[in-house]
Amino acid sequence: MSPKSFPRLFLILILALLPGVVKPDPDPLQDYCIGDTKKPQSFFANGAPCLDPSLVLPSHFTTSALTEQGNTANMFGFNLTLTSTVNLPGANTQGLTMARVNLAANGIVPLHSHPRASEVTVCLQGSILVGFVNTSNYLYTQNLRQGDSFVFPKGLIHFLYNVDPVNPALAVSGLSSQNPGAQIASLSAFASKPAIPDDVLKKTFQISGQDMATIRKHLGG
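Attention here is on the structure that accompanies the text. (Residues numbered from 1 in each chain as written. Predicted model: local features only at pLDDT ≥ 70, side-chain atom pairs only at ≥ 80, totals over all residues. Heavy atoms only, no water.)

The next thing to look at is the side chain of Thr83. Within the fold, Thr83 resides in the loop between strand E1 (78–82) and strand E2 (97–103). Overall, Thr83 belongs to the buried group, its relative accessible area being 7%. A polar atom in the side chain of Thr83 sits 2.9 Å from the backbone nitrogen of Met98. (Helix = DSSP H or I, 4+ residues; strand = E, 2+ residues; numbered from the N terminus. Buried < 20%, exposed > 50% of the residue type's maximum accessible area, 1.4 Å probe, protein only. Polar contact = N/O pair within 3.5 Å; in protein donor to acceptor, adjacent residues only side chain to side chain.)

Here it is as structure tokens:
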């Protein structure tokens, strides 16, 4: 094999291995790892340390956290209740998170993204307009009725909006990471700490200084 062949061979090898490298969460190395969140950690890990398997109970794999009505009294009119290693320790290392989504009348989960997870949402009550924008700036939208589902691809900007001006709506979502992360676009832009320079925001959104000040005030920036 000539020396000139090595760079090409190396590139092929990297491309072949890449799909197994970019998984959102690592695969578990055992049947389960019940998150032990009660003992103080003497080290930091990518997740919670495992409970002694001999102490595992069926209750570690169930939660009632998503049965509670969320408080939607905020500027957007929505509430998210998430599972975690605290209320569902059996989900530790399983690469998933569940969320209860409460929407007030005309409430919205504003434009946001999950950098580490794709998401599937099921409408349980009401009528919810959902949508996401791909990297070609094309918008995909759908009006969900009870029982309908919709998938939001990983990392893309998306929203959920209760189109009913009178009645609340309810949905449940599953996300493909134990720690999906979330960035609300408007808050990231106008309410970051420290603040993004004014000129950057004015040029990015093509707005005036007065417009920017108004938006910052409304969003708490």
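Omega for the peptide link from Lys193 to Pro194 comes to -5°, which places this bond in the cis form. Relative to the helices and strands, Pro194 resides in the loop between helix H2 (185–190) and helix H3 (198–205). The phi dihedral of Thr93 is positive, around 75°, even though this residue is not glycine. By the element assignment, Thr93 lies in the loop between E1 and E2. Residue Asn106 is not a glycine yet carries a positive backbone phi of 60°. With respect to the helices, strands and loops of the structure, Asn106 is situated in the loop between E2 and strand E3 (108–113).

Our focus in this paragraph is the sheet that holds strand E6 (residues 139–144). Strand order across the open sheet formed by five strands is E6-E5-E8-E3-E10, with antiparallel pairing between neighbours. Two strands in the sheet have a free side with no partner beyond their single neighbour: E6 and strand E10 (183–184). Bridge analysis of E3 against strand E8 (residues 158–162) gives three bridges, and the strand direction is antiparallel. Bridged to His112 within E8 is His158. (Pairing = 2+ DSSP bridges.)

Taking strand neighbours across the sheet as the criterion, the five strands line up as E1-E2-E9-E4-E7 in an open arrangement whose pairing is antiparallel. Each having just a single partner strand, E1 and strand E7 (149–152) make up the two edges of the open sheet. Taking each pair of neighbouring strands and ignoring which way they run, the sheet shows an average axis angle of 25°. Two elements, strand E4 (residues 119–125) and E7, share four bridges in a ladder whose sense is antiparallel. The residue of E7 that forms the bridge with Val120 is Val151. (Axes fitted to C-alpha atoms, helices over the stretch in contact; angles between N-to-C directions.)

This paragraph deals with the nonpolar core. With 21 residues, the main nonpolar core has Leu103, Ile128 and Val130 as its most contacted residues. Those elements giving two or more residues to this core turn out to be E2, strand E5 (128–133), E7, strand E9 (169–175), H2 and helix H4 (209–219). (Core = buried A, V, L, I, M, F, W, Y, C linked by side-chain atoms within 4.5 Å.)

Our focus in this paragraph is the pairing of E3. With two bridges connecting them, E3 and E10 associate as antiparallel partners. Looking across to E10, one finds that His112 is bridged to Ile184.

Enumeration over the complete set of coordinates arrives at one disulfide. Sulfur-sulfur distance for the disulfide between Cys33 and Cys50 comes to 1.9 Å. On the S-S bond that ties Cys33 to Cys50, the torsion sits near -110°, and the link is left-handed. Placement of Cys33 in the loop between helix H1 (5–21) and E1 and of Cys50 in the loop between H1 and E1 is noted, with a sequence separation of 17 residues between them. With a relative accessible area of 4%, Cys33 lands in the buried category. Residue Cys50 is classed as partly exposed on the basis of its relative accessible area of 40%. (Disulfide = S-S within 2.5 Å.)

For the structure on display, the rule yields seven aromatic pairs. Ring geometry for Phe132 versus Tyr140: centroids 5.1 Å apart, planes at 20°, classification stacked. Through a chain of ring-to-ring contacts, three or more aromatic side chains come together here, namely Phe132, Tyr138, Tyr140, Phe150 and Phe152. (Phe/Tyr/Trp six-rings, centres within 6.5 Å; stacked < 30°, edge-to-face > 60°.)

Glancing now at the pairing of E4. Direction of pairing for E4 relative to E9: antiparallel, over a ladder of six bridges. Looking at the pairing, Val122 lines up with Val172 of E9.

Here the focus is the layout of surface pockets. Reported here for the second largest pocket is a volume of approximately 250 Å³. Counting only elements with at least two residues in the lining of the second largest pocket, the list comes to E1, E2, E3, E9 and E10. In terms of residues, the lining of the second largest pocket owes the most to one element, E1, which gives three residues. Partitioning the lining of the second largest pocket into residue classes produces eleven nonpolar, five polar and one charged. (1 Å grid on protein atoms, 1.4 Å probe; cavity = no way out; pocket = protein on both sides within 12 Å on 5 of 7 lines; lining within 4 Å. Points joined across faces, edges and corners; volume = space filled by probe spheres on them. Nonpolar A, V, L, I, M, F, W, Y, C, P; charged D, E, K, R; others polar.)

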